[in-house]
Amino acid sequence: MTRFTLKHTFPTDPDTFWSKVFFAAEYNQGLYAALKYRVWEELEKTTDAAGKVRRRAKMEPGFDAPAILKKLIGDGISYVEDGTWDPKTGKWTYSIVPSKMPDKVKTHGEYWLEPRGDKQLERICTVNIDASIFGVGGALESYLEKTTRESYEVAARFTRDYLAKHGLSG
């Protein structure tokens, strides 16, 4: 299993981040286009009486996997992100269910926001990747960690630009 933490700061407040950015359709469409995904489709979004938001989204990356992984998993990989945001804890917990080998490749984590001075917050993400495939599991975990780290860097830049463009910066 591979575990790591990612941190990024944004010039906004938590309410704006969750309501006008993270759950905004326009933001997500733009974000996943910037990440070069072929598909980002919200499958379901519900809010219960306690304010918990559950969202399921289908995603299809547009970038190529290394040859050894393509040989193993083939083309046309997609996945469903299933997540819940709890307003009491302020945490988004999620799991990624790939279209191929969902019993062998598991990704899950959570993230939350912490204040960092006046109108600044830090998004802290913990990510857990477990690829239980004999002979290539470690290589797959390394590849997924690398692409996840790269994606979060692109996402952080996109989010800062989105906040500025839409007048949501602190």
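Because the structure is predicted, anything quoted here is derived from the model rather than measured.

A. The arrangement of the nonpolar core in detail. Core analysis: the biggest nonpolar cluster contains 35 residues, and Phe17, Trp18, Trp92 and Tyr111 have the highest contact counts within it. Apart from residues no more than four positions distant in its own chain, Trp92 is found in contact with Trp18, Phe22, Phe23, Val53, Arg55, Glu81, Gly83, Thr84, Trp85, Gly109, Glu110 and Tyr111. In this structure, Ala131, Val136, Leu140 and Tyr143 belong to the second largest nonpolar core, which totals 6 residues.

B. View of the pattern of salt bridges. Tallied over the entire structure, the rule returns 10 salt bridges. Between Arg54 and Asp82 there is a salt bridge, with its nearest N and O atoms 2.7 Å apart. Taken together, the positions of Arg54 in strand S3 (residues 53–61) and Asp82 in strand S4 (residues 79–86) put the pair 28 residues apart, joining distant regions of the chain. A salt bridge links Arg116 to Glu122; the nearest nitrogen and oxygen atoms lie 2.7 Å apart. Through salt bridges with shared partners, one network takes in Glu44, Arg54, Arg56 and Asp82.

C. Geometry of the packing of helix H2 (residues 25–34) against helix H4 (residues 137–165). Axis separation between H2 and H4 bottoms out at 10 Å; the angle between their running directions is 140 degrees. With respect to H4, the element H2 is oriented oblique. Here H2 runs over H4; the crossing is right-handed. Between H2, through Glu26, Tyr27, Gly30, Leu31 and Ala34, and H4, the contact on the second element is made entirely by Val154, Ala155, Phe158, Thr159 and Tyr162. Considered class by class, the residues forming the contact of H2 with H4 number 7 nonpolar, 2 polar and 1 charged.

D. Representation of the side chain of Thr2. Positionally, Thr2 belongs in strand S1 (residues 2–10). Among the residues examined, Thr2 registers a relative accessible area of 15% and is labelled buried. Within the structure, Thr2 has its side chain in polar contact with the side chain of Glu141 (distance 2.7 Å). The residues touching Thr2, leaving out its near neighbours within four places in the chain, are Val127, Asn128, Ile129, Glu141 and Glu145.

E. Examining H2 more closely. Inspection of H2 places Tyr27, Asn28, Leu31 and Tyr32 among the buried residues, and these make up the whole buried set. The buried residues of H2 occupy an angular sector of 115 degrees when the element is viewed end-on, so they sit on one face. Facing away from the buried side of H2 by over 90 degrees, the exposed positions are Ala25, Glu26 and Ala33. Where H2 is buried, its residues contact helix H1 (14–22), strand S2 (37–47), S3 and H4. With its phi angle positive at about 65 degrees, Lys36 sits one or two positions after the end of H2.

F. Region of the structure containing the packing of H1 against H4. Across the interface, H1 lies against H4 with an axial gap of 12 Å and an inter-helix angle of 90 degrees. Here H4 runs roughly perpendicular to H1, going by the angle between their axes. Counted together, Phe17, Lys20 and Val21 of H1 and Thr159, Tyr162 and Leu163 of H4 form the full contact between these two elements. Within the contact of H1 with H4, the residues separate by chemical class into 4 nonpolar, 1 polar and 1 charged.

G. Up close: the sheet that holds strand S7 (residues 121–131). Strand order in the open sheet made by the 7 strands is S1-S7-S6-S5-S4-S3-S2, with antiparallel pairing throughout. Looking at the sheet topology across the chains shown, the edges are occupied by S1 and S2. Here the strands of the sheet are splayed against their neighbours by 15 degrees on average, with no regard to which way each runs. As defined by bridge partners, S3 adjoins S4 across 7 bridges and the pair is classed as antiparallel. Opposite Ala57, over in S4, you have Glu81 as the bridge partner. The sheet contacts of H2 involve S2 and S3, and relative to S2 the element is tilted by about 150 degrees. With respect to the sheet, H4 is in contact with S1, strand S5 (91–98), strand S6 (105–115) and S7, its orientation differing from that of S1 by roughly 10 degrees.

Quick notes on the rules
Residues numbered from 1 in each chain as written. Predicted model: local features only at pLDDT ≥ 70, side-chain atom pairs only at ≥ 80, totals over all residues. Heavy atoms only, no water. Core = buried A, V, L, I, M, F, W, Y, C linked by side-chain atoms within 4.5 Å. Buried < 20%, exposed > 50% of the residue type's maximum accessible area, 1.4 Å probe, protein only. Contact = heavy atoms within 4.5 Å. Salt bridge = Lys/Arg side-chain N within 4 Å of Asp/Glu carboxyl O. Helix = DSSP H or I, 4+ residues; strand = E, 2+ residues; numbered from the N terminus. Axes fitted to C-alpha atoms, helices over the stretch in contact; angles between N-to-C directions. Parallel < 35°, antiparallel > 145°, perpendicular 65-115°, else oblique. Left-handed = near helix turned anticlockwise from the far one by under 90°. Nonpolar A, V, L, I, M, F, W, Y, C, P; charged D, E, K, R; others polar. Polar contact = N/O pair within 3.5 Å; in protein donor to acceptor, adjacent residues only side chain to side chain. Arc of directions from axis to C-beta. Pairing = 2+ DSSP bridges.

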